[in-house]
Amino acid sequence: MSDDVRVGVIGLGRFGTFHAEAAAALPGVQVAGLCSRTLARAEELARRFPDATAYDSAERMLAEADLDAVLIATPHKQHFEPAMRAIGAGVAALVEKPLTTSLTEAHELVVAADEAGVALGTVFQRRFVPAVERMHRAIAEGRLGRVVAAECLAHLGRDRGYYEQDDWRGSWAGEGGGVLLTMAVHYIDMMNWMLGTPTSVYGRWATLKHTDYIDVEDVAGAVVTYESGAIATVQAMTTFENGFASRPSPTVGYRAPGFRLAVHGTTGHSVGVEENPELAQAVTGLWTFDGEEQHVKGWREEEGGRPSVPEFHGRQIAEFLDAVRERRSPAVTGQDGLAALEVVKGVYLAQARRAPVLLPMSDDDRRAADALTEGVA
């Protein structure tokens, strides 16, 4: 590897553009390839990056551009093929969440990357928010004692215009899932990071508000148990007005509350973060340690009211490319992406079976969960 890390970006929509900009801003990083299904789009963006060549084929870019890493920001169901091609070429891959929509494919990626000794990461940029890092540090330092419980809330809003932006949104065939897979998975990953290894999940889902134009879930609830014995609950929905909506409601002024995660321990203390509105930088929402009230006030004054996009994508991309340069595992791995995906798809499988699903899933359970959602119209 040369001193510079040579990076390619696959998928050049909004987030792919963020990825390219974030990588190009890093010292010792060269954006060498930009790939889109539409060559004109790749050529247009390449004008902004003097060392970048435009491609309409990931296979050709991997063969010609001498890359060290790729950043993959294609639609959900187009993650697997370029990621597997990159791994096969010995090129590290950072993939937007979800790692894939198929558990079988996600497992194959994790195994292939491990066997090839290639770095594989999943984009969960919210882990890099200071309030989230602070929360994790308090848990890791034992300030809560034994963690006993957590609650994860995704109280979000979407409207018809949101789902009509792209033809893949809102369907099992195109998106592979709804509020759990596309939105709540960020905080489910965060919950796993705080609590450890999940061992079972039980849940239910329904489509109750957006029934005329989506067939994936817009409401879901789950109970997740962990190796430590901790029990967590998840509630996720896109039924609020005035969330991430293309046309805010003229009759409802109440805004969707956003995300919240809280963790509780045997010392009697709790820590938590809240993200309101959605895509704002999360702030410390719960911090019960005696005498630290002024810290919380200062943190909220310093960190509140700031957008989270694209700053924390940039932080994760920087960490991932440092890991590639240093030949180590990234902070957020492909295995982390698989673990979060198993919780999500475990809810779908648990509803079908009316029984809890053990985690990590067996090969048979992965296939059964995929059969419920992959390619369903």
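As the structure is a computational prediction, the values presented were derived from the model and not from experiment. (Residues numbered from 1 in each chain as written. Predicted model: local features only at pLDDT ≥ 70, side-chain atom pairs only at ≥ 80, totals over all residues. Heavy atoms only, no water.)

A few points about the overall build of the protein
Thought 1: Secondary structure summary: the protein contains 12 helices and 14 strands in total.
Thought 2: In terms of principal-axis extent, the alpha carbons of the protein reach across some 55 × 50 × 50 Å.
Thought 3: For the protein, the residues scored as buried account for 56% of the 377 residues in total.
Thought 4: Partitioning the intrachain contacts of the protein with sequence separation of at least 6 by distance along the chain shows that 68% fall at a separation of at least 24.
Thought 5: When the accessible surface of the protein is split by element, carbon and sulfur atoms take 49% of a total near 15,500 Å².
Thought 6: If the 36 positive side-chain charges of the protein are averaged to one point and the 52 negative ones to another, these points end up 4 Å apart. (Helix = DSSP H or I, 4+ residues; strand = E, 2+ residues; numbered from the N terminus. Buried < 20%, exposed > 50% of the residue type's maximum accessible area, 1.4 Å probe, protein only. Contact = heavy atoms within 4.5 Å. Areas by Shrake-Rupley, 256 points an atom, 1.4 Å probe, with all protein chains shown as cover. Lys, Arg positive; Asp, Glu negative; His and termini not counted. Charge placed at Lys NZ, Arg CZ, Asp CG, Glu CD.)

Considerations on the domain arrangement of the protein
Thought 1: Domain boundaries in the protein define domain 1 (5-124 + 313-332) and domain 2 (126-307).
Thought 2: Once you take the C-alpha centre of each, domain 1 and domain 2 turn out to be 26 Å apart.
Thought 3: On the side of domain 2, 16 residues touch domain 1, which itself brings 14 residues to the contact.
Thought 4: For the pair domain 1 and domain 2, the summed buried area comes to about 1,300 Å², and 65% of that belongs to carbon and sulfur atoms.
Thought 5: One can count zero salt bridges joining domain 1 with domain 2.
Thought 6: At the junction of domain 1 with domain 2, the criterion picks out six residue pairs in polar contact (both at pLDDT 80 or more).
Thought 7: Considering every element that reaches the side of domain 1 that touches domain 2, the biggest residue donor is helix 10 (residues 311-326), with three residues.
Thought 8: Taken together, the residues of the side of domain 1 that touches domain 2 break down into six nonpolar, three polar and five charged. (Domains from an automatic or database assignment. Buried area = accessible area lost by both parts, 1.4 Å probe. Salt bridge = Lys/Arg side-chain N within 4 Å of Asp/Glu carboxyl O. Polar contact = N/O pair within 3.5 Å; in protein donor to acceptor, adjacent residues only side chain to side chain. Nonpolar A, V, L, I, M, F, W, Y, C, P; charged D, E, K, R; others polar.)

Focus on the sheet that holds strand 6 (residues 120-123)
Within a sheet, adjacent strands bond to each other through the backbone by hydrogen bonds, running parallel or antiparallel.
Thought 1: Spatial strand order, 3-2-1-4-5-6: six strands in an open sheet with parallel pairing. A strand with exactly one partner marks an edge of an open sheet, and here the two such strands are strand 3 (53-55) and strand 6. Sheet twist, expressed as the average angle between the axes of neighbouring strands with direction ignored, equals 25 degrees.
Thought 2: In this sheet, strand 2 (residues 29-35) lies alongside strand 1 (residues 5-10) in parallel orientation, the contact comprising six bridges. (Pairing = 2+ DSSP bridges. Axes fitted to C-alpha atoms, helices over the stretch in contact; angles between N-to-C directions.)

Observations concerning the environment of Ala42
Thought 1: Following the sequence through the fold, Ala42 ends up in helix 2 (residues 39-46).
Thought 2: Residue classification places Ala42 among the buried positions, given a relative accessible area of 0%.
Thought 3: When the C-alpha atoms of Ala42 and Ala52 are compared, they prove to be 9.5 Å apart, with 10 residues separating the residues in sequence.
Thought 4: Ignoring any residue separated from it by four or fewer positions in sequence, one finds Ala42 in contact with Leu12, Leu34, Ser36, Ala54 and Tyr55.

Re the environment of Pro310
Thought 1: Assignment of secondary structure puts Pro310 in the loop between helix 9 (293-303) and helix 10.
Thought 2: By relative accessible area, which is 35% here, Pro310 ends up partly exposed.

Some remarks on the packing of aromatic side chains
Thought 1: In the structure shown here, the tally under the stated rule is nine aromatic pairs.
Thought 2: Judged by centre distance (5.0 Å) and plane angle (85 degrees), the rings of Tyr162 and Tyr163 are edge-to-face.
Thought 3: Of the residues examined, Tyr162 reaches a relative accessible area of 5% and is grouped as buried.
Thought 4: Ring pairing ties together the aromatic residues Tyr162, Tyr163 and Tyr213, which thus form one cluster.
Thought 5: Cation over ring: Arg158 sits above Tyr162, and NZ or CZ is 4.8 Å from the ring centre.
Thought 6: The ring of Tyr162 is capped by Arg169, whose NZ or CZ atom sits 4.6 Å from the centre of that ring. (Phe/Tyr/Trp six-rings, centres within 6.5 Å; stacked < 30°, edge-to-face > 60°. Lys NZ or Arg CZ within 6 Å of the ring centre and 35° of its normal.)

Let's talk about the packing of helix 1 (residues 14-24) against helix 10
Thought 1: It is the contact of helix 1 with helix 10, at a shortest axis distance of 9 Å, that shows an interaxial angle of 55 degrees. Viewed along their axes, helix 1 and helix 10 adopt a mutual orientation that is oblique. Like other packed secondary-structure pairs, helix 1 and helix 10 cross with a definite hand, here right-handed. Here helix 1 contributes Phe15, His19, Ala22 and Ala23 to the contact with helix 10, which in turn contributes His313, Gly314, Ile317 and Leu321.
Thought 2: Among the residues forming the contact of helix 1 with helix 10, the class breakdown is five nonpolar, three polar and no charged. (Parallel < 35°, antiparallel > 145°, perpendicular 65-115°, else oblique. Left-handed = near helix turned anticlockwise from the far one by under 90°.)

A short note on the pairing of strand 7 (residues 147-157)
Thought 1: Of all 11 residues that make up strand 7, eight are buried, and the element is covered over most of its length.
Thought 2: Note that strand 7 and strand 11 (residues 258-265) share eight bridges and pair antiparallel. Counted as the bridge partner of Val147 is Gly265 from strand 11.

A short note on the nonpolar core
Thought 1: Leu34, Val70, Leu180 and Val263 are the most contacted members of the largest nonpolar core, which has 118 residues in total.
Thought 2: The biggest single contributor to this core is helix 8 (residues 179-195), with 12 residues.
Thought 3: When we break this core down by domain, the ones giving at least three residues each are domain 1 (5-124 + 313-332) and domain 2 (126-307).
Thought 4: What Val263 contacts, discounting residues up to four positions off in sequence, is Met135, Ile139, Leu144, Val147, Ala149, Ala150, Met194, Leu195, His269, Ser270 and Val271. (Core = buried A, V, L, I, M, F, W, Y, C linked by side-chain atoms within 4.5 Å.)

Structural notes on the packing of helix 5 (residues 103-116) against helix 11 (residues 334-353)
The relative placement of two packed helices comes down to the angle between their axes together with the axis-to-axis distance.
Thought 1: Where helix 5 meets helix 11, the closest approach of the two axes is 9 Å, and the angle between their N-to-C directions is 165 degrees. Between helix 5 and helix 11, the angle falls in the class roughly antiparallel. Crossing handedness for the pair helix 5 and helix 11: left-handed. Counting all contacts with helix 5, which are made through Leu103, Ala106, His107 and Val110, the residues of helix 11 involved are Gly334, Gln335, Leu338, Leu341, Glu342 and Lys345.
Thought 2: Its residues assigned to classes, the contact of helix 5 with helix 11 shows five nonpolar, three polar and two charged.

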